[in-house]
Each structure stands twice: as structure tokens, then as C-alpha cells.
Amino acid sequence: MRLYSVSLLMLSLFALPSRGADEAKKYPFVFVDAGEEAGLFPALEAIKGHGAAWGDIDGDGWLDLYVATFAAEGSKLNMLMRSNKGKFTLDDQKALNIATRGTGVVFADLDNDGDLDLYIGSMPKAPGKDGITSRGCSMFRNDGGGKFTDISQDNGACPAAFGGRSVALFDFDGDGLLDLLVGEEPIVKYNGSTTKSSRIFRNKGNLQFEDVSRAVGLPENIPWLGVSAADVNNDGWPDFFLCAPGANRLFLNDRKGKFVEAEGSAAIFDWKGLGAAGGDNMVCGVCFADVNRDGLLDVVLGQHFSRPWNEPVANRLYLNRGIKNGVPTFEDVTTKVGLSPLYMKAPHVEIQDFDNDGWPDISASLVKFHEGKPYPVIFRHQGIKDGLPQFRDDAWGVNDFPNAEDKAIKSTGTFFDTMIKSKKVIYSAPGPVGDYNNDGKLDIFMANWWMESRSLLLKNTTPGGNWLKVQVEGAKDVNRMGVGSRVKIYTAGKIGDPAGLIGCRDIAVGFGYASGQSAVTHFGLGKEETVDVEVILPHGKGTIAKKGVKANEALTIKQ
Ligand SMILES: [Ca+2]
Ligand SMILES: [Ca+2]
Ligand SMILES: [Ca+2]
Ligand SMILES: [Ca+2]
């Protein structure tokens, strides 16, 4: 109820006349729509884009991009865009050009051979009146150099009647092989699936998997749209979060191969008070990172509510307030920290430092436009005040959306027609962040759902501070990608001192919504020119310290 009253307050604030141009000048980031110059078009024109992943598939140091679509009349099928130093060309491998209703896409080294395989979470569809068929979940083996072979049949992770949504990687049992966490669509028979039960597929080695969902304690009938795995109770073992309508839950790893729901998690993360919900009101994306430098991972949730232009809704931030008896305590600080209600869906969410000032910002998969230029909605971290991180978004003021006319539209279809024509705002399902041009500034890719609109490669040219990229190469029972490693950045000379902590996050792939990220973690460093880096390997496999690391480089730490 409280949130609702705040929404009304914000509604009246936003109803003030727009100052467009002046507001655009205040926007603290600079993004360029770089899809054309980077070569994504015409390949990515006319797609129903619904999933995307970054990953360096050929080991040349440049991020490649896989885009998944919803197979529909007129839409192109899934595509791999291969990067040559930041310029993309459409890869011609027919095997990858499949018809899916793709939501989750991740590049993942599932056999620890040093190259990235590919997994796609998708909802199967039998041919209907439209004659269009789509495959369910699919897996491709990288045979080296980014040449892929379809191994979806009989691998155990691509059941025929399973409506896969977002995907996250984790090594839940500590055997050094990455397991898959795949959400299932909440509406039974919306696709070729008869269940709404998310799955954990355990990696048995040799690219063979088994469904261990029930055996490890993930109950039946828990669908999920967004997924994320991270160690939220600092015991070295990956925990996970599911979000779906009415089912935001945190599960903790018992370190013996099972999960238990964190006590009280359903109540803490319950998303009530949003008026006459229903319809496609959905909690969608989830992302973990430490936003207040206390060494505890906080969590942000994204939303895909039915008609936010009528009734705005904020993406939510929960601070991790400490761990008691192995269970983290979370506090909803959304309104206290400035995450203002959004008048549009913003399903994907990431915590990343877009201006490299050392404070991680919160991005929504939502863009406003002024004079044709994109202003992605990013809540910029303003630092800590009175013990709380403060965030501010400056994108909304750049144009008058939603004006009274926009707000009066009740029909979703009419609204979207207007939205596409007026070019004032757009949102996307996926919005994976990655530095595609290797300049140390984090870029964003948003696959577009409307065929007459365009996907956005948002090149970040924001003047900013120093940065550091860290990746971890596992061996000896730690997965090769280093997923699950905790990376902590300290001011030089302060390693291990909580007062010197600048950044803290887990190496993670597959978070937010419908998005796959590279296993390279990025930290803004502000003015720091050298820092100390501590890597805590998962499952108690040890700690690696690197002191006096120079800023503005990509550091690979080997186990
Ligand atoms: Ca844990
Ligand atoms: Ca924290
Ligand atoms: Ca920042
Ligand atoms: Ca960049």
C-alpha cells in the first residue's frame, strides 16, 4: 500500500512539463546507437528478438553475439553475429539458424575444454495454423574456433516437452562441471509443455546431463522467468534466486548437494500492492552484486507488468543486511534509495558500473529517446548517504513520455502501436551488458521484439574513471570459466580490509532476464590507478591474492 502512495506522488512529479533538451544535458551517461556502424544490420532487421548472449566463441578476445527470436511469420530465425575487433558479420553456420521461442541464451564452457558451448532456453511449439514450429531447449558443442555442432538430442538437458525461459550457470555440487538452472514458463500449455516446473540439470561430464530438480530440493510447480545464481550467504557455495509471478524465492545451497528455501524468502520478496494486477503482470529479471561495499551481495528485480504507462512500477532493490545462522536477511530499500517507478516494462536488469566511478549503477532494459538519440534508463549510483546507497535516473526527463494521451491508452495493442510510431521509448526482454569494443566501457545490447522497430547496440562513450576486468580460469575441480568465484577489489595496500573494499561480485553467467553475459567481471575503479584483487574460489578451493594490479587492463587469474 505504501508503495502505491509513493507511486501517486511520483506520478504527480512526472506530470510536470518536460524540459527535454535541458534534461538531456543532465543525463550523466553517453550512449551511441552503434548497431549500424558495428555491422549488425541488415542481419538483425525484422526480428522478434527475445534472447541474447555475449561470449567470445573463438578466443580472439572480442565478444560475439547470439540472438534468439520467437519464430513468427516474417521474423528471422536465431542468429550468430561474429565479431572481428568489434565489427560484426552474420555467421553462416546453418546449424545455429534455428526456430525457437528463445528466452534464455548462454555461452558456457560445459565440458571445460576452453571454448564456449551454447545453450538456449526455449519453449517448444507444435505447428499450428500458422505452420510455424519451434524447438524447445537446445545445446550446441563448440568444436573449436566457434564451429558449433547441435547436440540437443539425448543430452538430458533439453527435454522435449519443457518450456524453458531464462538460464543461469552454476556448479551447485562442486565437481568442477557447470550445471544448468533453467526456468519454466508459468503458463501451462502456453507452449508444448504440460508443466510449470523449473529445472536443475546436473552436468555428468561429456556433455551429458540429468534432471536432478526434485532430488536436490527444488519443488515442483515453481516456474520462473528470471534466474540468477550467486553466493548470498558467503559460504562459498552457489545459492539461487527465482522470480516469477507470485513466486520470488531464494534457495540456499546446503553444501551437501541440496537446496533449501531461505527461511521467510517468499514473504520478503513477495511483490504485493500493485493494484489490479493479473494479466501478464510478471516479475522478470534478477541480478546480484554488492551495491554498498559491505561484501554482501544485494539483489535487484526487474518487472514486466501489464500496463505501467497507466500504473507505474519500480524495479526493486533489496539490501543484504547480514547473515544469521547461514541465512541472509534482506531489506526492501527501493523507495529509500531512489529507484523511482517506471512507466514502462523493464524486464531485464543489471547492476554494472557504466561510468567507471567505482559505484555500480542499475540498468533497466528500457530506453528513452531525445532527438533520435538513445538515453538508456540507468539509475546512477550517487554514493552512500546515511548508510544507504542512493540512485538517480535522468533519462525520463528527456522527453514527455508518458503524456496524458499515452496514459489514457488502455489497450496494450494500441499502446504498443503508438510506442513504435512515436519513437519516444522502447523496452526489450534481453539487455545483456558487455564491452563489445574493448574500450573498458560497458555497452548494452537490446534485441527488439517488434519487427518494424530495431535492435539497439548501445555503445558507451561516457567519460569515466579507471576500470579493471577480471576473469578466473579454473582447473582442479573449479570450472574453467571460473563461474562462482567471488572477486573483491580493494584500494592498493588494503587487501582483506573491509574499509578498503571497492567492489565485490561473483563471476556469473546468465542473470537478469533472457540474457547471457561473458564470464569477465567488470569493475569501475574511479581514480584508483592500482588496486589489490582477491579471488575466493568456490567450494572452499582457496583464495588467490594479486596486489598492486594496474587499472585499465583485463586480468586473468589462473587457479
Ligand atoms: Ca551459499
Ligand atoms: Ca551489499
Ligand atoms: Ca557508476
Ligand atoms: Ca565498450
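Presented here is a report on the structure given in the accompanying data block. (Residues numbered from 1 in each chain as written. Chains lettered and ligands numbered in written order. Predicted model: local features only at pLDDT ≥ 70, side-chain atom pairs only at ≥ 80, totals over all residues.)

### Structural notes on the overall build of the chain
Condition: Here a helix means four or more residues in a row that DSSP labels H or I, a strand means two or more in a row labelled E, and each is numbered from the N terminus. Here the globule rule is a power law, 2.2 Å times the number of residues to the power 0.38, and the radius of gyration is based on C-alpha atoms. Buried residues are those with 20 or more other C-beta atoms within 10 Å of their own C-beta, exposed residues have 12 or fewer, and partly exposed residues lie in between; C-beta atoms are placed from the backbone. By the criterion used throughout, residues are in contact when their C-beta atoms, derived from the backbone, lie within 7 Å.
Secondary structure assignment for the chain yields 5 helices and 37 strands. The C-alpha atoms of the chain give 22 Å as radius of gyration, which agrees with the globular expectation for 559 residues (24 Å, within 12%). Seen along its three principal axes, the alpha-carbon backbone of the chain occupies a region of about 60 × 60 × 45 Å. In the chain, which comprises 559 residues, the proportion classed as buried is 56%. Of the contacts made within the chain by residues no fewer than 6 positions apart, 60% connect residues no fewer than 24 positions apart.

### Some points on the pairing of strand β28 (residues 443-446)
Defined as follows: Strands pair, by our definition, only if DSSP identifies at least two bridges between them.
Neither face of β28 is left uncovered, since the one carrying Asp 443 and Phe 445 and the one carrying Ile 444 and Met 446 both have all their residues buried. The pairing of β28 with strand β29 (residues 456-460) spans 3 bridges and is classified as antiparallel. Residue pairing in the sheet places Ile 444 in a bridge with Leu 458 of β29.

### Observations concerning unusual backbone geometry
Generally, phi is negative for residues other than glycine and the peptide bonds are trans, each holding for most cases. Omega for the peptide link from Phe 41 to Pro 42 comes to 10°, which places this bond in the cis form. Relative to the helices and strands, Pro 42 resides in the loop between β1 (31-33) and β2 (49-55). Residue Pro 402 is bonded to the preceding Phe 401 through a cis peptide linkage, with omega at -5°. Phi is positive for Asn 112, close to 50°, though the residue is something other than glycine. Given 17 C-beta atoms within 10 Å, Asn 112 falls into the partly exposed group.

### Some details on the pairing of strand β10 (residues 164-170)
Burial analysis of β10 places 7 of its 7 residues in the buried class, the great majority of the element. One ladder, built from 5 bridges, connects β10 with strand β11 (residues 179-184); its direction is antiparallel. Following the sheet pairing, Gly 164 is matched in β11 by Glu 184.

### Considering the sheet that holds strand β8 (residues 138-142)
Just so we agree on the cut-off: In this description, a line fitted to the C-alpha atoms serves as the axis of each element, helices being fitted only across the stretch in contact, and the angle between N-to-C directions of two axes falls anywhere from 0 to 180 degrees.
Taking strand neighbours across the sheet as the criterion, the 4 strands line up as β6-β7-β8-β9 in an open arrangement whose pairing is antiparallel. Taken across any chain shown, the strands that pair with only one partner, and hence form the sheet edges, are β6 (102-108) and β9 (148-150). Taken pair by pair, the neighbouring strands of this sheet meet at an average axis angle of 20°, ignoring direction. With 6 bridges connecting them, β6 and strand β7 (residues 117-122) associate as antiparallel partners. Across the sheet, the residue bridging to Val 105 is Ile 120, located in β7.

### Some details on the nonpolar core
We apply this condition: For the purposes of this analysis, a nonpolar core is taken to be any set of buried Ala, Val, Leu, Ile, Met, Phe, Trp, Tyr and Cys residues that are connected through C-beta atoms within 7 Å.
Grouped together as the largest cluster of nonpolar side chains are 157 residues, with contacts concentrated most on Val 67, Ala 108, Leu 181 and Cys 243. Looking at this core, the element that brings in the most residues is strand β18 (residues 282-289), giving 7 residues.

### Here we look at the sheet that holds β28
Pairing is antiparallel in the open sheet, where 4 strands are placed in the order β1-β29-β28-β27. Each edge of the sheet is formed by a strand with only one pairing partner; in this case those strands are β1 and β27 (433-434). Examined bridge by bridge, β1 and β29 share 3 bridges and lie antiparallel to one another. From the neighbouring strand, Val 32 faces β29, where its bridge partner is Lys 459.

### Some points on the environment of Arg 293
Here Arg 293 shows up in the loop between β18 and β19 (298-304). Among the residues examined, Arg 293 registers 20 C-beta atoms within 10 Å and is labelled buried. Separated by 178 residues in sequence, Arg 293 and Gln 471 have C-alpha atoms that sit 20 Å apart. In this structure, Arg 293 is in contact with Leu 501 and Ile 502, ignoring residues within four places of it in sequence.

### A look at the environment of Asn 203
With respect to the helices and strands, Asn 203 occurs in strand β12 (residues 199-205). Residue Asn 203 is classed as buried on the basis of its 26 C-beta neighbours within 10 Å. Along the chain, Asn 203 and Gly 156 lie 47 residues apart, while their C-alpha atoms are 9.1 Å from each other. If sequence neighbours within four positions are ignored, Asn 203 has contacts with Leu 110, Leu 177, Leu 178, Asp 179 and Phe 209.

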